[in-house]
Amino acid sequence: MAQKRALITGITGQDGSYLAEWLLKKGYEVHGMIRRSSSFNTARLESIYQDPHVAGASMRLYYVDLTDANGMAKIINQVKPQEVYNLGAQSHVRVSFDAPIYTADATGVGALKLLEAVRDLQESTGQQVRYYQASSSEMYGKVVETPQTEDTPFYPRSPYGVAKVYAHWITVNYRESYGMHASCGILFNHESPRRGETFVTRKITRAAGRIKCGLQKKLYLGNLDAKRDWGFAGDYVEMMWQMLQEDQPDDYVVATGETHSVREFCEKAFGRLGLNYEDYVSIDPRYYRPAEVDILLGDPSKAKRQLDWEPRVSFEELIEMMVDADLELAQREQTLIKAGHKLSMATEEGASS
């Protein structure tokens with residue numbers, strides 16, 4: 001049987017790296033699109049190359065932005081993948097208020113450009129390409145019912161949420177208009193030690209580790225009472241793959257079915273290190289969103305029923321995993337600072353002798 005080829009946009013992100021790892025272990029040839037940057041942004045993929053289970057596996061990266069329709073079409077035609085996973089986006093909700101036009105172009109219209117490239121490939125080759133769209137719980141925004149299901153109306157409260165609604169519905173439209181095998185995963189918040197440091201969960205666990213090591217004194221956050229449905233990213237990427245193995249494309253909520261506040265996340269993260277979060281966490285109004293999303297809680301019943309999927313990592317286990325990783329990171333940082341201080345002292349002593 002020929003080796004399957006998969007193309008992932010956003011492969012250097014949290015989800016992209018976990019998905020690449022998952023596909024490589026399954027014997028896929030993995031191709032990834034990454035945005036050109038003045039600094040290296042492939043750190044999350046380094047552990048994959050060192051994993052003995054995927055040693056020697058095939059992975060290739062291409063520089064192209066989601067706003068570049070011609071560039072994406074060229075790569076799609078070159079790779080000719082059987083599966084395409086669109087995980088790329090300007091994905092930070094707060095930043096989307098500061099960069100709404102880019103967010104709309106990359107996160108929303110970018111999905112359309114990619115779908116067009118996939119459709120053109122299908123029509124030119126006659127071979128089906130299975131497409132996954134990373135939809136988001138932020139599409140529900142000011143929720144009209146709790147918990148949220150696949151049938152809950154969308155009410156986005158940020159440029160990011162609005163862009164994701166467009167990407168979601170254009171995917172559904174292409175499925176219904178052109179018979180494409182295109183599925184949407186409405187993923188609720190999913191975290192890991194690979195989460196970007198500007199996202200609230202990672203800000204919390206990173207700060208807890210640094211405070212424990214004496215490298216930081218305070219953590220400034222916005223709305224501590226916002227509630228989210230948090231799961232483990234490693235669990236959720238398996239659902240992405242599962243959706244594309246089904247005979248019929250469909251849309252699925254991927255969530256834990258539990259909701260917890262940012263305050264509770266702080267309490268458990270700092271508590272893991274024997275600290276009281278109230279001694280270190282302060283509110284900064286600059287981190288409030290212009291339009292807040294108070295609560296998100298997903299109902300994953302359909303995914304459990306039709307795809308036999310269950311999240312394996314609990315809320316507590318997720319926090320422990322992230323805190324332990326960030327404590328180790330802070331300890332390495334502390335060691336480097338001490339080594340640098342000793343070197344500086346030795347240099348000064350040598351200069352004065």
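Here, the structure is the one placed above.
Description of the structure in this document. Each chain carries its own residue numbering, running from 1 in the direction its sequence is written. Totals for whole chains, interfaces and linings use all residues, but because this is a predicted model, local features are given only for residues with pLDDT of at least 70 and pairs of side-chain atoms are given and counted only at 80 or more. Values reported for side chains reflect all heavy atoms of the structure, with hydrogen atoms and water molecules removed beforehand.

Looking now at the pattern of salt bridges. Take a side-chain nitrogen of Lys or Arg and a carboxyl oxygen of Asp or Glu: if they are within 4 Å of each other, that pair is a salt bridge. Summed over all chains, the structure comprises 22 salt bridges. Two residues, Glu-123 and Arg-119, come together in a salt bridge whose shortest N-O distance is 3.1 Å. Here Arg-119 and Glu-123 lie together in helix α5 (residues 100-125), a separation of 4 residues that amounts to about one turn. Burial status follows relative accessibility: with a 1.4 Å probe on protein chains alone, a residue under 20% of its type maximum counts as buried, one over 50% as exposed, and anything between as partly exposed. The class of Arg-119 is buried, set by a relative accessible area of 15%. We note a salt bridge from Asp-225 to Arg-263, for which the minimum N-O separation is 3.1 Å. In this description a helix means any DSSP run of H or I spanning at least four residues, a strand means any run of E spanning at least two, and both kinds are numbered starting from the N terminus.

On to the packing of aromatic side chains. Each aromatic ring pair is described using two quantities: the centre-to-centre distance and the angle formed by the ring planes. Any two of the Phe, Tyr and Trp rings considered here, Trp counted by its six-membered ring, make a pair once their centres fall within 6.5 Å; the pair's planes then place it as stacked at under 30 degrees, edge-to-face at over 60, or tilted in between. According to the stated counting rule, one finds 12 aromatic pairs in the structure shown. Ring centres of Tyr-140 and Phe-154 lie 5.4 Å apart, and the angle between their planes is 55°; this geometry places the pair in the tilted category. Here Phe-154 lies in the loop between β5 (130-136) and α6 (159-178) and Tyr-140 lies in the loop between β5 and α6, a separation of 14 residues in the sequence. Among the aromatic residues, ring-to-ring pairing joins Tyr-140, Phe-154, Trp-169 and Phe-188 into one connected group. Here the basic side chain of Arg-195 rests over the ring of Phe-199, its NZ or CZ set 3.9 Å away from the ring centre. When the ring centre of Tyr-252 is taken as reference, the NZ or CZ atom of Lys-302 above it lies at 5.1 Å. A ring has a charge above it when a Lys NZ or an Arg CZ is no more than 6 Å from the ring centre and no more than 35 degrees off the ring normal.

To continue, consider the nonpolar core. Ile-8, Leu-23, Val-30, Tyr-85, Tyr-132, Ile-204 and Phe-270 are the most contacted members of the largest nonpolar core, which totals 60 residues. Looking at this core, the element that brings in the most residues is helix α8 (residues 233-245), giving 8 residues. Any two residues whose heavy atoms approach within 4.5 Å are treated as being in contact. Aside from chain neighbours lying at most four places away, what touches Phe-270 is Ile-204, Ala-208, Ile-211, Leu-219, Leu-275, Tyr-277, Tyr-280 and Val-281. Here, nonpolar core refers to any group of buried Ala, Val, Leu, Ile, Met, Phe, Trp, Tyr and Cys residues whose side-chain atoms link them within 4.5 Å.

DSSP calls a pair of strands paired once it identifies at least 2 bridges connecting them. Within the open sheet, the 7 strands sit side by side as β3-β2-β1-β4-β5-β6-β11. Their pairing is parallel. A strand with exactly one partner marks an edge of an open sheet, and here the two such strands are β3 (59-63) and β11 (251-254). Along the sheet, successive strands turn relative to each other by an average axial angle of 20°, direction set aside. Note: strand β1 (residues 5-9) against strand β2 (residues 29-34), 5 bridges, orientation parallel. Bridging across to β2, Thr-9 finds its partner in Met-33. Interaxial angles span 0 to 180 degrees and are taken between N-to-C directions of axes, which are lines fitted to C-alpha atoms, for helices over the stretch in contact. Of the strands in this sheet, β1, β2, β4 (83-86) and β5 are in contact with α5, which crosses β5 at around 170°.

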